[in-house]
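Read off the chains here:
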Amino acid sequence: MLDIKTIRENPDLVKTGALNKNDKCDIDKVLALDEKRREIIHQVEALKGERNTASGEIAKKKKAGENADDAIAAMRAVGDKISALDESQRQVDQELNELMAWIPNMPHESVPVGADESANVIIREWGEIVKPKFKVLPHWEIGEKLDILDLAGGAKISGSGFYVLKGAGAKLQRALIAYMLDLHSADGFLEVSVPHIVTADTMYGTGQLPKLADDMYQTDDGGMFLIPTAEVPVTNLYKKEIIDHDKLPVKMVAHTPCFRREAGAAGKDTRGMIRVHQFDKVEMVMIVKPDESYDHLETLTAQAEKVLQGLKIPYRVSTLATGDLSFAAAKCYDIELWSSGIERYLEISSISNFEDFQTRRMQCRYRNEDRKVTYPHTLNGSGVALARLIPAILENYQNEDGTITIPDVLQPYMHGTVRIG
RNA sequence: GGAGGAGUGGCUGAGUGGUCGAAAGCGGCGGUCUUGAAAACCGUUGUGCAGCAAUGUACCGAGGGUUCGAAUCCUUCCUCCUCCGCCA
């Protein structure tokens, strides 16, 4: 949610921001409703003041045993006017809130302007891509061969877009989760375990609703949603809270499954584990002071990179262009890692700064050093997504004899297993 | 699922229709005192909205209603607690 004052004072800036995000929202209508709302407030508050004064006098008269029928009759008329104005304010408020909920966050000034991902800017690369001397099998082939990945089983029980991990595959995922949680915990992130089903209000708080409703699974009554990312429950832990400044930055990490309908994505990246309806992810969330949020965006990105550096998998980091930026984000880095079997980069982590967009929606505030209550900034970053990481390991750590070497950092978590197959 | 009970400011807790945004205590902040600290004493201490401001207005779990007027009455919902049932 943007500040209505920002929209009021810089409507053109907001319009440009939305346009650069390829988002059509009606800023002029918002401005008109805002105007109307303030007009009503003026009127109704004057009347309420009148009523409050008169009420005091009526009370005094009654106490003194005097007759107050005239004043009461007069106030009855005022009361009717107030009710009517209250009602129209309610309507304007509702309409305004609905429109505001659809206005995207503005891109930060450092974000490259561009219509789509082709305008993303690669800012650094890590590790060396070594082309193996043998033909590396894509993860779905090696996975089935080693009997650690069962795509047919997933399809049988849940339909296409679901996978089953078995034996060493399942253990590998568990090892990765433990490795990542331990890594982030050691760096000060509080590990939390959270519900995977949340209310609409919670989805609204981080900006998934109303815009992304079609991308999510929801209960039949429409009241509850399966989380598409741990960002939603973890960030919303601070919904409607006022945090003391000395508690910032808040750093949390959680492992959850993520549920995504991927409506309209049929036919794109459908092979293997790359695009699925349910996958596990370790996610980091930060709540920070506003003037520090862009520094934290860098450290949070570095924290996600640490996972891949530990695993010794080559990757690159890019800044998303405005057109590729999500609804709620002001700036976002993507980390893509190289997968040598399918011979392409896979998006494995997004690290975003939402500034105060989410905290406004959630009504999450903090009391700063001057005891003033204001909105902190939120950030989150995958640290990282398992359904992309496992394929990368199955491919990048594949040996010529069809076995998979377990990366060094995972071996303690695999109880001494050094290779699969 | 059944039966009861409760939701008031950072916390505890008073308030059952008329200056109640709300007593009191604790906590926080500022000060006096002190070499310093503690104690004691004095003062101060919620959030949103509208407004340049003065100020006004709203908020006592949430929504709706009754009334000239609601923290207080009615109603629906939510959450928590206790007991019973069920259960990983």
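Caption draft 1: Representation of the sheet that holds strand β7 (residues 242-244). Ordered by their spatial adjacency, three strands build an open sheet running β7-β13-β14, and the pairing between neighbours is mixed. Every other strand in the sheet has two partners, leaving β7 and β14 (373-374) as the edge strands with one partner each. Of the strand pairs in this sheet, β7 and strand β13 (residues 365-367) are connected by three bridges, and their pairing is parallel. By the bridge assignment, Asp244 is partnered in β13 with Arg367.

Caption draft 2: Structural detail: the protein's contact with RNA strand B. Taken together, 21 residues sit near RNA strand B, with Arg38, Glu45, Ala59, Arg76 and Arg367 positioned nearest. Sugar plus phosphate: this is where 73% of the atoms of RNA strand B within 4 Å of the protein reside. Note that a sugar or linking oxygen of RNA strand B is positioned 3.5 Å from one of the side-chain N or O atoms of His42. Arg90 is positioned such that a nitrogen or oxygen atom in its side chain is 3.3 Å from a phosphate oxygen of RNA strand B. Of all the secondary-structure elements, those providing two or more residues to the surface near RNA strand B are α3 (27-63), α4 (69-100) and β13.

Caption draft 3: Expanded view of the environment of His377. Looking at the element boundaries, His377 is found in strand β15 (residues 377-385). It is 50 Å that separates the C-alpha atoms of His377 and Lys60, two residues lying 317 residues apart in sequence. For His377, the side chain forms a polar contact with the side chain of Ser293, separated by 2.8 Å.

Caption draft 4: Local environment of the domain arrangement of chain A. For chain A, the assigned domains are domain 1 (4-100) and domain 2 (117-420). On a C-alpha basis, the centres of domain 1 and domain 2 stand 44 Å from each other. Taken together, the contact between domain 1 and domain 2 spans five residues of the former and nine residues of the latter. For the pair domain 1 and domain 2, the two sides together bury roughly 470 Å², of which 34% comes from carbon and sulfur. Summed over the three residues of domain 1 that lose the most area to domain 2, namely Asn20, Lys21 and Asp23, the buried surface amounts to 76% of that side. Here domain 1 is connected to domain 2 by one salt bridge. Notably, a salt bridge pairs Asp23 with Lys211, separated by 3.0 Å at the nearest N-O pair.

Caption draft 5: The packing of aromatic side chains, seen in detail. One pass over the full model with this rule turns up three aromatic pairs. Ring plane angle 80° and centroid distance 5.6 Å describe the contact between Phe327 and Phe357, whose orientation is recorded as edge-to-face. Pair noted here: Phe327 is in the loop between β10 (315-319) and β11 (331-339) and Phe357 is in helix α11 (residues 357-362), with a separation of 30 residues, a long-range link. Plain terms: the ring middles of Trp338 and Tyr345 are 5.2 Å apart, the flat faces sit at 70° to each other, and that makes the pair edge-to-face. Of the two residues, Trp338 and Tyr345, both sit in the buried class. The ring of Tyr345 carries Arg316 above its face, with NZ or CZ at 3.8 Å from the centroid. In this structure, Arg361 packs its charged tip against the face of Tyr204, placed 4.6 Å from the ring centre.

Caption draft 6: Highlighting the side chain of Ser352. Relative to the elements of secondary structure, Ser352 occurs in strand β12 (residues 344-355). Beyond its immediate sequence surroundings of up to four residues, Ser352 is in contact with Leu297, Ala329, Lys331, Cys332, Thr378, Leu379 and Asn380.

Caption draft 7: Molecular detail of the packing of helix α7 (residues 168-186) against helix α10 (residues 293-311). Here α7 crosses α10 at 130°, and the two axes come no closer than 10 Å. Taken together, the axes of α7 and α10 lie oblique to each other. Note on packing geometry: the crossing formed by α7 with α10 is right-handed. Facing α7, whose interface residues are Leu176, Tyr179, Met180, Leu183 and His184, α10 presents Gln303, Lys306, Val307, Gly310 and Leu311. Considering only residue class, the contact of α7 with α10 consists of six nonpolar, three polar and one charged.

Caption draft 8: Broad picture of the sheet that holds β15. Ordered in space as β1-β10-β11-β12-β15-β9-β8-β4, the eight strands form an open sheet in which the pairing is mixed. Two strands bound the open sheet, and with one partner strand each, they are β1 (121-126) and β4 (190-192). When strand polarity is set aside, the average angle formed by the axes of neighbouring strands in this sheet is 25°. Across ten bridges, strand β8 (residues 250-259) lies against strand β9 (residues 278-288) in antiparallel orientation. Residue His255 lies in a different strand from β9, and its bridge partner there is Val282. In this fold α7 packs onto β4, β8, β9 and β15, with an angle of close to 5° to the strand it touches most, β9.

Conventions we followed
- Residues numbered from 1 in each chain as written.
- Chains lettered and ligands numbered in written order.
- Predicted model: local features only at pLDDT ≥ 70, side-chain atom pairs only at ≥ 80, totals over all residues.
- Heavy atoms only, no water.
- Pairing = 2+ DSSP bridges.
- Helix = DSSP H or I, 4+ residues; strand = E, 2+ residues; numbered from the N terminus.
- Near = heavy atom within 4 Å.
- Polar contact = N/O pair within 3.5 Å; in protein donor to acceptor, adjacent residues only side chain to side chain.
- Domains from an automatic or database assignment.
- Contact = heavy atoms within 4.5 Å.
- Buried area = accessible area lost by both parts, 1.4 Å probe.
- Salt bridge = Lys/Arg side-chain N within 4 Å of Asp/Glu carboxyl O.
- Phe/Tyr/Trp six-rings, centres within 6.5 Å; stacked < 30°, edge-to-face > 60°.
- Buried < 20%, exposed > 50% of the residue type's maximum accessible area, 1.4 Å probe, protein only.
- Lys NZ or Arg CZ within 6 Å of the ring centre and 35° of its normal.
- Axes fitted to C-alpha atoms, helices over the stretch in contact; angles between N-to-C directions.
- Parallel < 35°, antiparallel > 145°, perpendicular 65-115°, else oblique.
- Left-handed = near helix turned anticlockwise from the far one by under 90°.
- Nonpolar A, V, L, I, M, F, W, Y, C, P; charged D, E, K, R; others polar.

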